Amino acid sequence: MLRTLLSVPKTARRGEIIQIRAMIAHPMETGHRMGPNGVEIPRKIINRLVCTYAGEEVFAADLHPAISANPFITFHTVAVESGILSFAWTEDDGAVHLAQAEIVVE
Amino acid sequence: MQEDDTANPGMLWVLEGEQLWQQAAGEAGRSCQDCHGAATSMRGVAARYPAFDTGRSRPVDLAGRINICRTGHQRASPLGHEAPDMLALTAFVAHQSRGMPVVPDQDPRIEPFRENGRRIFEQRMGQLDLACSSCHQAHAGNRLGGSAITEGQVNGYPLYRMEWQSLGSLRRRLNNCMIGIRAEPFPEDAPEMVDLELYLTARGAGLPIETPAVRP
């Protein structure tokens, strides 16, 4: 499990626009770097982030090699109900890393 | 970016260090927490390191101190300065002192080592025949080919460097400095590196600990 750092407000008013931040520890190897002895370091990146909240996909992003290491993503969504925001980061090889945060909506 | 804990990539290592603090290690099967208790007990520690170690009759840096704990109390193998676990632990421990001013160790036995550090700082070396002080003392605030010449203060280490796309120790930075002036970097276990760090922290006495800092 990769380390993740989520910033989700603990509480919000119903209908309030909230800012969500998500960062995951990942080298985001582009595949263009040369390692020792001229051997190319293979590409290994996270290529998709999806956030699900209240049974709906509220945010999705396709990431490409231009994104730097430890990708940091910020977006806004509307606080509709108390519940869990689930984050899924997908790697090139199909591996999925998950994290979640809880929000209480009054 | 540095001041926002939700945006500072160095915090990923601090979080890892928090996990490692509670994790048993070595043949003794003890965690840092088993002896030291809560991490808040580390408040103020990084602010006075490197410190004199009576057992070794010389100063040790924070990573050296953690290795003394690992080999002596946990009976685990020592970690290199850039080992992911060591970066996480040093970041986590130093982070506990964030905001506190750097206070150099006042033990009189440490003076000769600090003086050695000052000598290294002012010693010309490498193919370019430059000393640290040539740029960081004499020309601090000026520019070298467009890049700002800083004072070279060390109160934010270990820090996240954009160039590295990763957290790194002061050792890593000093090695790069020496490669930059085309000098042979000191070996990993060189006592000179601790002496130099000892001088550098004294040179920045009073600056607040910023670990984990963010730098270009």
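Coordinates for the structure precede this section.
The structure presented is a predicted model; accordingly, all values stated were derived computationally and were not measured. Residue numbers run consecutively from 1 along every chain, following the written order of its sequence. Whichever chain is written first is A, and whichever ligand is written first is 1; the rest continue in order. Reporting in this predicted model follows two pLDDT cut-offs: at least 70 for local features of residues, and 80 or more for side-chain atom pairs to be given and counted; totals over whole chains, interfaces and linings ignore these cut-offs and use all residues. Hydrogens are left out, water is left out, and the side-chain values use all remaining heavy atoms of the structure.

The next point concerns the pattern of salt bridges. Residues and elements named next belong to chain B. A pair is scored as a salt bridge if a Lys or Arg side-chain nitrogen falls within 4 Å of a carboxyl oxygen belonging to Asp or Glu. Scanning all chains against the criterion turns up 19 salt bridges over all chains. Between arginine 114 and glutamate 111 there is a salt bridge; the shortest N-O distance is 3.0 Å. Taken together, the positions of arginine 114 and glutamate 111, both in helix H5 (residues 111-121) and three residues apart, correspond to about one turn of that helix. One network of salt bridges, in which partners are shared, links Asp53, Arg56 and Arg65. Labels follow the DSSP assignment, with helices taken as runs of H or I lasting at least four residues and strands as runs of E lasting at least two, numbered in each case from the N terminus.

With that settled, the discussion passes to the side chain of arginine 70 of chain B. All names here are of chain B. Tracing the backbone shows arginine 70 in helix H3 (residues 62-72). Burial classes follow relative accessibility: with a 1.4 Å probe on protein chains only, a residue under 20% of its type's maximum area counts as buried, one over 50% as exposed, and anything between as partly exposed. The charged-residue count follows a simple rule in which Lys and Arg add positive charge and Asp and Glu add negative charge, with His and chain termini not counted at all. One buried charged residue, arginine 70, remains without a salt bridge, the closest side chain of opposite sign being aspartate 85 at 5.7 Å. Sequence-distant contacts of arginine 70, defined by excluding residues within four places in its chain, comprise Ala25, Arg75, Ala76, Ser77, Pro78 and Leu79. Throughout, a contact is declared for two residues whenever any of their heavy atoms are within 4.5 Å.

Residues and elements named next belong to chain A. Paired strands, as defined in this entry, are two strands with at least two bridges between them according to DSSP. The three strands are arranged E1-E3-E6 in an open sheet whose pairing can be described as antiparallel. Where the open sheet ends on each side, the last strands, each with one partner, are strand E1 (4-7) and strand E6 (72-78). Across the sheet, the mean angle from the axis of one strand to that of its neighbour is 15 degrees, orientation sign disregarded. Of the strand pairs in this sheet, strand E3 (residues 17-24) and E6 are connected by seven bridges, and their pairing is antiparallel. What counts as an axis is a line fitted to C-alpha atoms, over the stretch in contact for a helix, and the angles between N-to-C directions run from 0 to 180 degrees.

This next bit is on the nonpolar core. One broad rule of soluble globular proteins: the nonpolar side chains tend to lie buried together. Nonpolar cores were defined as sets of buried Ala, Val, Leu, Ile, Met, Phe, Trp, Tyr and Cys residues, with membership established by side-chain atoms within 4.5 Å. Residues Leu12, Trp13, Trp21, Tyr49, Leu62 and Leu167 of chain B are the most contacted members of the largest nonpolar core, which totals 33 residues. Taken together, the elements giving at least two residues each to this core come down to helix H1 (10-21), H3 and helix H4 (84-95) of chain B. Setting aside residues no more than four positions away along its own chain, leucine 167 of chain B makes contact with Gly10, Trp13, Leu87, Ala91, Pro158, Leu159, Tyr160, Arg172 and Pro212 of chain B. Among the nonpolar cores identified, the runner-up in size contains 24 residues, and Ala12, Ala22, Tyr53 and Ala61 of chain A belong to it.

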